[in-house]
Structures are given as structure tokens and as C-alpha cells.
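Overview (structure and organization)
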Amino acid sequence: KLHYLATIDEITDSHMRVFKRSKAIKRIKWEADIGTGILSGLLLFFMIPNPIELRLIVGIIGIFGGAVTYWLLYPRSMYRRTRRAIKDQCGNSDGAYFEVELRETGIWTTTNTTQIEFAWSNLHSINEEPTLLEFAMRDGSVVLVQKRAFNDKKQIEMFLQTANKFRDMYGVQNKPAI
């Protein structure tokens, strides 16, 4: 069982990874992107005086300009909003107490007072990154374990061996993340 204080930025990172995998979030982003483009184009179309050819050209440029601007600004904006919401949830603290345990039934986690267990059959992949271990689930959720929670590299290796053993017991292949 591992436990550590997950920082606001680490919690935000885990949420952003879930958002990247979410079909609903992707759809919302595309709808907002298209809506922003159309609104920008219409606004410019009605602001520009005649001739109609000029209005159409400026309106079309506005559609693409608005869509591209939204597309470029969205990731940073979403990160800031998510971070602000997490900070509100954590109160004035620097983060949230995080605990993770590999059990035969799945990956058990608790953050402050919320407990979740992810079944091994839901595991899509195990990815080792420079600062963390990522357990990506088939349903799009993710468990991130910061390497700083371990005492040394040997403990990280043992944790991964245990995870791989449980994963292999249930026949799930270690495929690249979604």
C-alpha cells in the first residue's frame, strides 16, 4: 500500500488525461469549436458594410479564425478551469491524500474520503513515465501513481511486477494507451 500527498497539479494532470480519453469531452470541444467559429463569422459578416462579396469573404475568414483560435486556446483554458475546480474541492490545502493498493480484485485507490476499486479486467495498459506510473482503464479512467511515493527504484519494480502478475492472471494484454 502506498500513500502520499498528491499536489493540485498532479490531480489536475490525472483529470486532463481522463478528459483526453473521453468521447463526451471531445464532442463538447468540437461543438464549442464549431459554434465559436460560426458565431465569429456571423458577427463579422454583419459588422462589415456592403458589398456582399466583402462581407462573405470576411465572414468565412471569421469562421475559420474563430474556430482555430478556440482550438488553440482550449487546452490551456480547460487546464486552468479544472485546476481551479480541484483547488476549490481541496480547500486551502496543497493537495489531497492519495492511497493506492494492488489487490487481487483490482487497483484500490482512496483520495481523502473517496474510495474506488478498478477491476483488473478493466485495465487497458500500464505505462511507465519518467515521474509516474499510469494505469489506463478501458472505460477511459486512469490511475496515476507518482514515483516519488516509492522509497527507491526496487520498490517501483516490485510494484510493477505485482501489477503485471495480477494483469496476467486475468489475461489482459499490456497494449498502448487509448
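Here, every reference points to the structure presented above.
The following refers to the structure shown. Keep in mind that what you see is a predicted model, and the values were worked out from it rather than measured.

So, the pairing of strand β6 (residues 132–137)
- Within β6, six of the six residues are buried, which leaves the element mostly enclosed by the surrounding structure.
- Residues L132, E134 and A136 line one face of β6 and the alternating positions L133, F135 and M137 line the opposite face, and both faces are buried.
- Relative to β6, strand β5 (residues 123–128) runs antiparallel, the two being bridged by five bridges. By the bridge assignment, L123 is partnered in β6 with M137.
- Linking β5 back to β6 in an antiparallel pair, the connection comprises three residues.
- Both β6 and strand β7 (residues 142–146) contribute to a ladder of five bridges, which runs antiparallel. The partner of E134 across the bridge, within β7, is L144.
- In this antiparallel pair of consecutive strands, β6 and β7, the connection spans four residues, and G140 shows a positive phi of 95°.

Examining a positive patch on the surface
- On the surface, a cluster of positive charge is contributed by R76, R80, R81 and R84.
- Among the structural elements, R84 can be located in helix α3 (residues 52–90).

Quick notes on a nonpolar patch on the surface
- Together, W30, I34, I38, L42 and F46 give the surface a local cluster of nonpolar side chains, amounting to about 550 Å² of exposed area.
- By secondary structure assignment, the location of W30 is in helix α2 (residues 23–47).
- Among the residues examined, W30 registers a relative accessible area of 51% and is labelled exposed.

Quick word on the nonpolar core
- The biggest cluster of nonpolar side chains holds 28 residues, and the ones touching the most others in it are V100, I107, L133, F135, V143, V145 and F159.
- Contributing elements (two or more residues each) for this core: β1 (2–7), α1 (8–21), α3, β2 (95–103), β5, β6, β7 and α4 (153–169).
- When sequence neighbours within four positions are dropped, the list of residues in contact with I107 reads V100, E101, L102, I116, E117, F118, W120, F135, M137 and V143.

Some details on the packing of aromatic side chains
- Tallying each qualifying case throughout the model produces six aromatic pairs.
- Centre to centre, the rings of F45 and F46 are 5.1 Å apart; their planes meet at 85°, and the pair counts as edge-to-face.
- The class for F45 is buried, based on a relative accessible area of 17%.
- By relative accessible area, F46 is classed as exposed at 60%.

Considerations on α4
- Compared with an ideal rise of 1.5 Å per residue, which puts 17 residues at 24 Å, α4 spans 24 Å between its outermost C-alpha atoms and is within 8% of the ideal.
- Taken as a whole, α4 has its buried residues at I156, F159, L160, A163, F166 and R167. The buried residues of α4 occupy an angular sector of 125° when projected down its axis, which confines them to one face. Exposed side of α4, more than 90 degrees from the buried face: K154, Q161 and M169 are the residues found there.
- For α4, the capping residue at the N-terminal end is D152, with a side-chain oxygen 3.3 Å from the backbone nitrogen of K154.

A few points about the side chain of E10
- Looking at the element boundaries, E10 is found in helix α1.
- We classify E10 as buried; its relative accessible area is 17%.
- Among residues more than four places away in sequence, those in contact with E10 are Y4, L5, Q146 and R148.

Definitions and limits used
- Per chain, the residues get numbers from 1 upward, laid out in the order the sequence is written.
- Totals for whole chains, interfaces and linings use all residues, but because this is a predicted model, local features are given only for residues with pLDDT of at least 70 and pairs of side-chain atoms are given and counted only at 80 or more.
- For the side-chain quantities, the full set of heavy atoms in the structure was used; hydrogens and water were omitted.
- For every residue, the accessible area obtained with a 1.4 Å probe (protein chains only) is divided by the maximum for its type, and the residue is called buried under 20%, exposed over 50%, and partly exposed between those limits.
- Here a helix means four or more residues in a row that DSSP labels H or I, a strand means two or more in a row labelled E, and each is numbered from the N terminus.
- Strands pair, by our definition, only if DSSP identifies at least two bridges between them.
- Each patch is assembled from residues with relative accessible area greater than 30% and no salt bridge, linking like charges that lie within 9 Å and nonpolar side chains (Val, Leu, Ile, Met, Phe, Trp, Tyr) that lie within 5 Å.
- Here the Shrake-Rupley method, with its probe set to 1.4 Å, supplies the accessible areas, and only the displayed protein chains count as covering residues.
- We define a salt bridge as a contact between a side-chain nitrogen of Lys or Arg and a carboxyl oxygen of Asp or Glu at a distance within 4 Å.
- Counting rule applied: Lys, Arg positive; Asp, Glu negative; His and chain ends not counted.
- Note that the charge is assigned to NZ on lysines, CZ on arginines, CG on aspartates and CD on glutamates.
- Buried Ala, Val, Leu, Ile, Met, Phe, Trp, Tyr and Cys residues that are joined via side-chain atoms within 4.5 Å together make up what is termed a nonpolar core.
- Residue contacts are defined here by distance: any two heavy atoms, one from each residue, within 4.5 Å place the two residues in contact.
- Working definition: rings of Phe, Tyr and Trp (its six-membered ring) pair if their centres are within 6.5 Å, and the pair is stacked with planes under 30 degrees apart, edge-to-face with planes over 60 apart, and tilted otherwise.
- To estimate how far a helix should reach, multiply one less than its number of residues by 1.5 Å.
- Working note: the arc is built from the helix axis to C-beta atom directions.
- Pairing of N or O atoms within 3.5 Å defines a polar contact, subject to two protein rules: one partner must be a possible hydrogen donor and the other a possible acceptor, and residues neighboring in sequence count only if both atoms are side-chain atoms.

Geometric descriptors of this kind do not, in isolation, establish any biological role.
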